[in-house]
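# Summary of structural features
Residue strings, one per chain:
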Amino acid sequence: MTARIREFLKNRTDEGPCLVLDLDVVRDNYTAFARTLPDTKVYYAVKANPAPEILKLLTTMGSCFDVASIGEIDMVFAAGCTADRISYGNPIKKESEIATAYKAGITLYAVDCEAEVEKVARAAPGSRVICRIHCDGTGAEWPLSRKFGCEPDYAVDILEHAHRLGLVAHGISFHVGSQQHNVEAWDRALASAASVFKVCAERGINLAMVNLGGGFPAKYIRKTPKLESYGKAIFRALRKHFGNAIPNTIIEPGRGLVGNAGMIEAEVVLIAKRNREDDLRWVYLDIGKFHGLAETIDESIRYPIKTTKDKDETGPCVVAGPTCDSVDVLYQKTPYPLPVSLAIGDKVLIEAAGAYTTTYSSVGFNGYPPLRQYVI
Ligand SMILES: *Cc1c(COP(=O)(O)O)cnc(C)c1O
């Protein structure tokens, strides 16, 4: 926890769970990305946390943005960013949305099939398109693999189709899966990307860019490799597969830029045992899957939960949210060790919660308000 967050929470007088996010950490993270991959442009994945303060800070630092919808485009414009620094990276867009983005000046679009190419050709003529290829997501705690991306050899046809329709076949993108622990995950994807570059060149189409996606981790409980290790592995893979003709590259970090910048303060609502003999306690918090902790689905992301009693003996707990929905259980398959002295009314801190929390929070399920955020 940063000193600024500690100070903020000490002076906080309002009730209910909240996320406190320290902009200094975001600033440091952006600088670390820029330093680690100096030839690679950063496109912040807005969905991770679109707080206006974050978007403004990153705009002034020179960041570009990866957006998925008109709503996100509006937020990035409101932060003072210009259209030339925006990539419309969602391969699933309505034609009317593409037209709106094009009218706003955006000329960089992701596609992963021929029908999407045709939409872009009609609604954003002459624009640059990047074809997303499939990645298997192995090594990632939150894989994004199943839904997006074509097979690499098909990407050649899709890009050629774009070229014929008057678009600029600009490059290849992929996402190796979010919270990716394996620094070598980029190697296979870059091998595929290089082969697409080669076959496209044989057909007279010169691709210029590889979008290396996101996947850079935040530190939760499990140890993660250092950012430098990712940078080195990516550079090695670029050299290996592209030789001296390394293309322009961009990255789209979401979690890696904001994950460790925020912390949720929550409260223990109830501690229950389900039978007399059981050691296992059910600990119900005032925040759950519907208030921002959606990435606990399948217990994928295991947040560090801190209490003021962490020096005491611990015992196994099922950790759950407060709503009347039985899916609102955070950790059960692998029970969470919490102090036996933990009591109803105690505050708990959920660390590294700056990414994918406020955006996943429901509007008012069971009458609980969406997760409040303070950006400091
Ligand atoms: C969500 C997303 C990202 C960000 O991924 P992280 O793992 O959070 O860095 C980047 N690119 C695209 C296309 C995305 O959908």
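The model shown is predicted, which means the values in this text are computed figures rather than measured ones.

How big an interface is tends to be reported as the loss of accessible area on association of its parts. You can read the domains of the protein as domain 1 (50-253) and domain 2 (260-375). A C-alpha centroid distance of 34 Å is found between domain 1 and domain 2. Counting residues at the interface gives eleven residues for domain 1, matched by 17 residues for domain 2. A buried area of about 1100 Å², summed over both sides, lies between domain 1 and domain 2, and 68% of it is on carbon and sulfur atoms. Taken as a group, Trp 142, Tyr 220 and Ile 221 account for 57% of the area that domain 1 buries against domain 2, more than any other trio of residues on that side. Linking domain 1 to domain 2 there are zero salt bridges. Here the side of domain 1 that touches domain 2 is built from residues that sort into six nonpolar, two polar and three charged.

With that settled, consider the site of the ligand. Contacts to the ligand come from 13 residues, most closely from Lys 47, Ser 178, Glu 252, Gly 254 and Tyr 356. Here Gly 254 contributes a backbone N or O atom positioned 2.8 Å from an oxygen atom of the ligand. Out of a free accessible area of 390 Å², the ligand has 92% covered by protein chains. Tallied by class, the residues present in the shell around the ligand amount to three nonpolar, five polar and five charged.

Counted according to the given criterion, the structure contains 13 aromatic pairs. With 6.5 Å between their ring centres and 75 degrees between their planes, Tyr 44 and Phe 65 make a pair best called edge-to-face. Taken together, the residues Tyr 44 in strand β2 (residues 40-45) and Phe 65 in strand β3 (residues 64-67) connect sequence positions 21 residues apart. What makes Tyr 44 buried here is its relative accessible area of 0%. Residue classification places Phe 65 among the buried residues on the basis of a relative accessible area of 0%. Three or more aromatic residues joined by ring pairs make a cluster, and in this case those are Phe 33, Trp 186, Phe 216 and Tyr 230. Of note, Lys 93 hangs over the ring of Tyr 88, and the distance from its end group to the ring centre comes to 5.6 Å. Over the ring of Trp 282 we find Arg 274; its NZ or CZ atom is 5.8 Å from the centre of that ring.

Our focus in this paragraph is the side chain of Glu 265. Of note, Glu 265 is situated in strand β12 (residues 262-273). A distance of 2.9 Å separates polar atoms of two side chains, one belonging to Glu 265 and the other to Arg 12. Not counting residues up to four positions away in its chain, the partners in contact with Glu 265 are Leu 9, Arg 12, Gly 16, Pro 17, Cys 18, Lys 347, Val 348 and Leu 349.

Moving on, we come to helix α2 (residues 23-36). In a regular helix each residue adds 1.5 Å, so 14 residues correspond to 20 Å; α2 covers 20 Å between its end C-alpha atoms and thus fits that length. Where α2 is concerned, the buried positions are Leu 23, Val 25, Val 26, Asn 29, Tyr 30, Ala 32, Phe 33 and Thr 36. The N-cap residue of α2 is Asp 22: its side-chain oxygen and the backbone nitrogen of Asp 24 are 2.9 Å apart.

Let us look at the packing of helix α6 (residues 114-123) against helix α7 (residues 152-164). Packing of α6 against α7 brings their axes to within 9 Å, and their N-to-C directions diverge by 20 degrees. In this view, α6 runs roughly parallel relative to α7, as classed from their interaxial angle. For the element pair α6 and α7, the recorded crossing hand is right-handed. From α6, Glu 114, Val 117 and Glu 118 reach across to α7, where they touch Tyr 154, Ile 158, His 161 and Ala 162. In terms of residue class, the contact of α6 with α7 is made up of four nonpolar, one polar and two charged.

Thresholds applied
Residues numbered from 1 in each chain as written. Predicted model: local features only at pLDDT ≥ 70, side-chain atom pairs only at ≥ 80, totals over all residues. Heavy atoms only, no water. Domains from an automatic or database assignment. Contact = heavy atoms within 4.5 Å. Buried area = accessible area lost by both parts, 1.4 Å probe. Salt bridge = Lys/Arg side-chain N within 4 Å of Asp/Glu carboxyl O. Nonpolar A, V, L, I, M, F, W, Y, C, P; charged D, E, K, R; others polar. Near = heavy atom within 4 Å. Polar contact = N/O pair within 3.5 Å; in protein donor to acceptor, adjacent residues only side chain to side chain. Areas by Shrake-Rupley, 256 points an atom, 1.4 Å probe, with all protein chains shown as cover. Phe/Tyr/Trp six-rings, centres within 6.5 Å; stacked < 30°, edge-to-face > 60°. Helix = DSSP H or I, 4+ residues; strand = E, 2+ residues; numbered from the N terminus. Buried < 20%, exposed > 50% of the residue type's maximum accessible area, 1.4 Å probe, protein only. Lys NZ or Arg CZ within 6 Å of the ring centre and 35° of its normal. Expected span 1.5 Å × (residues − 1). Axes fitted to C-alpha atoms, helices over the stretch in contact; angles between N-to-C directions. Parallel < 35°, antiparallel > 145°, perpendicular 65-115°, else oblique. Left-handed = near helix turned anticlockwise from the far one by under 90°.

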